[in-house]
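Given next are the chains, with one letter for each unit.
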Amino acid sequence: LVSREHHPDRSVVQVGGVSIGPQTVTLIAGPCAVETPDQTLAAARMAQAAGATLLRGGAFKPRTSPYAFQGLGERGLQILAEVRQETGLPIVTEVVGAHDVAMVADYADMLQVGTRNMQNFTLLQAVGEAGKPVLLKRGMNATIEEWLMAAEYIAQRGNLDIVLCERGIRTFEPATRNTLDISAVPVAQRLSHLPVIVDPSHSGGRRDLVLPLSRAAVVAGADGIIVDVHPQPDIALCDGPQALVADDLQALARTMEDLAGFM
Ligand code: PEP
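Residues numbered from 1 in each chain as written. Predicted model: local features only at pLDDT ≥ 70, side-chain atom pairs only at ≥ 80, totals over all residues.

## Comments concerning the overall build of the protein
How we decide: Think of it this way: any DSSP run of H or I at least four residues long counts as a helix, any run of E at least two long counts as a strand, and we number them from the N terminus. Each radius of gyration is computed over the set of C-alpha atoms, and the globule rule expresses the reference value as 2.2 Å times the number of residues to the power 0.38. The exposure scheme places C-beta atoms from the backbone and then counts, for each residue, the other C-beta atoms within 10 Å of its own, assigning buried at 20 or more, exposed at 12 or fewer, and partly exposed in between. Contact criterion: two residues are in contact if their C-beta atoms, reconstructed from the backbone, are within 7 Å.
For the protein, the helix and strand inventory stands at nine helices and ten strands. A globule of 263 residues ought to have a C-alpha radius of gyration of about 18 Å, and the protein, at 17 Å, matches this closely. For the protein, the proportion of its 263 residues judged to be buried stands at 51%. In the protein, of all internal contacts separated by at least 6 residues, the share reaching a separation of at least 24 is 68%.

So, in structure tokens, the structure goes:
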């Protein structure tokens, strides 16, 4: 269902009136984690001022350590909904368990399945039945074939509104958190009709890498970029070192515009 073999034209996925697909490079930005109403609104305003058209933000955070901030849960979803009301930005947010899909879908415009859950087949089937577009991150240990098969699980349940997101894979290189597999962009686009976007924040894990990795992604043909922003990264409860501040995001948006005009 997700293969290009029987579907030669590349698909466009609509999320709350925003298109993700060929012809545009969609900018999605927002906090890694929803922490407070003020922090989320400030991050959303930064995103909007830079031209982002979708707001990201995690209310359920699948952290490596069980002692790290796990997200605000449903309260976080309520904050996202309030910020959507205020800004008009549709929301992309992660769901980590099949039992939460209906609740998260009540608030979200797009459901995110994170790298750690890419092969959680029960979750994939549940989001396939939730009636909302899905952002499917590549498992950090997954091959492109396994990633596309994960998308197939969602599609098989009747939902073809799937956007693939390359977010870095595990390699022997410790200089970055994960290694952004830039070749995954054209390879996945050739094998599948689904849009492919890139997350330079979670792959590099470092603010200084977000702009160069985004440039690489746009030039490689990515259909969008998803980045973390925070009004005060130094006190962020999750992934502060990779969060952009307002000026960084403006610079990123300008670069994306310049590259789009150039290509
Ligand atoms: C995220 O986008 O908030 C996230 C945790 O990403 P990943 O699943 O790619 O690590």
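Having seen the structure, we can now continue with the description.
## Details of the sheet that holds strand β7 (residues 134-137)
What holds strands together in a sheet is hydrogen bonding between their backbones, with the strands either parallel or antiparallel. The line we're drawing: In this analysis, strands are considered paired if DSSP registers two or more bridges between them. The axes used here are C-alpha line fits, helices contributing only the stretch in contact, and every angle between their N-to-C directions lies in the interval 0 to 180 degrees.
One closed barrel accounts for eight strands, arranged β3-β4-β5-β6-β7-β8-β9-β10; its pairing is parallel. In this sheet, neighbouring strand axes are inclined to one another by 25° on average, regardless of whether the strands run parallel or antiparallel. Across three bridges, strand β5 (residues 91-94) lies against strand β6 (residues 110-113) in parallel orientation. The residue of β6 that forms the bridge with V92 is M110. Seen against the sheet, helix α2 (residues 74-87) touches β4 (54-56) and β5 and runs at an angle of roughly 170° to β5.

## Here's the deal with unusual backbone geometry
Although it is not a glycine, Q23 sits at a positive phi angle of roughly 90°. With respect to the helices and strands, Q23 occurs in the loop between β2 (18-20) and β3 (26-30). Of note, the phi angle at D239 is positive, near 55°, even though the residue is not glycine. Residue position: D239 is located in the loop between β10 (224-228) and α9 (246-262).

## Looking at the packing of helix α4 (residues 121-128) against helix α5 (residues 144-156)
Filter applied, for reference: Between 65 and 115 degrees an angle is taken as roughly perpendicular, under 35 as roughly parallel, over 145 as roughly antiparallel, and anywhere else as oblique. Note: crossing handedness is left-handed where the near helix turns anticlockwise from the far helix by less than a right angle, and right-handed where it turns clockwise. Amino acid classes used here: Ala, Val, Leu, Ile, Met, Phe, Trp, Tyr, Cys and Pro are nonpolar; Asp, Glu, Lys and Arg are charged; the rest, including Gly, are polar.
Orientation of α4 relative to α5, taken along the N-to-C sense of each, is 45°, at an axis distance of 7 Å. Overall, the two elements α4 and α5 adopt an arrangement that is oblique. In this structure, the crossing between α4 and α5 has a hand that is right-handed. Residues F121, L124, Q125, V127 and G128 of α4 lie in contact with α5, whose contacting residues are A150, Y153, I154, A155 and Q156. A class-by-class count of the residues in the contact of α4 with α5 yields seven nonpolar, three polar and no charged.

## What to know about the nonpolar core
Soluble globular proteins tend to pack their nonpolar side chains together in the buried interior. The line we're drawing: Any nonpolar core is a set of buried residues, restricted to Ala, Val, Leu, Ile, Met, Phe, Trp, Tyr and Cys, that join up through C-beta atoms within 7 Å.
If you look at the biggest cluster of nonpolar residues, it comprises 83 residues, and the most contacted ones within it are A47, V127, L136, A151, I162, L164 and I225. Top contributing element to this core by residue count: α5, with seven residues. Ignoring any residue separated from it by four or fewer positions in sequence, one finds V127 in contact with V95, V101, L111, V113, V134 and I154.

## Quick notes on the confidence of the model for the protein
Note the following rule: For every residue, the predictor states its confidence as a pLDDT score lying anywhere from 0 to 100.
Put simply, the protein has an average pLDDT of 97, and 100% of its residues get 70 or more. At the level of chain-chain contacts, confidence expressed as ipTM amounts to 0.99, with global pTM at 0.97.

## A closer look at the environment of Q48
Summarising the element assignment, Q48 is placed in helix α1 (residues 37-50). Owing to 16 C-beta atoms within 10 Å, Q48 belongs among the partly exposed residues under this scheme. Here the alpha-carbon distance between Q48 and L89, two residues 41 residues apart in the chain, equals 7.8 Å. Once residues within four sequence positions are removed from consideration, Q48 is found in contact with T87 and L89.

## Examining the packing of α1 against α9
Taken N-terminus to C-terminus, the directions of α1 and α9 make an angle of 30°; their axes are 9 Å apart at the nearest point. Between α1 and α9, the angle falls in the class roughly parallel. Of the two possible hands of crossing, α1 and α9 adopt the one that is right-handed. Seen from α1, the contacting residues are M46, A47 and A50; seen from α9, they are A246, L249, Q250 and A253. Counted by class, the contact of α1 with α9 contains six nonpolar, one polar and no charged residues.

## Notes on the pairing of β7
Heads up, the rule is: By convention, a crossover is right-handed whenever its connection, traced from the first strand over the helix to the second and viewed with the strands pointing away, goes clockwise.
Going residue by residue along β7, you find V134 and L136 tucked away on one face and L135 and K137 tucked away on the opposite face as well. Bridging between β6 and β7 involves three bridges; their strand directions are parallel. Looking at the pairing, Q112 lines up with L135 of β7. Where the polypeptide runs from β6 across α4 and back to β7, its parallel neighbour, the crossover connection is right-handed. For β7 and strand β8 (residues 162-166), the ladder comprises four bridges, and the chain directions are parallel. Across the sheet, residue K137 finds its bridge partner in β8, namely C165. Each parallel crossover has a hand, and for β7 linked through α5 to β8 it is right-handed.

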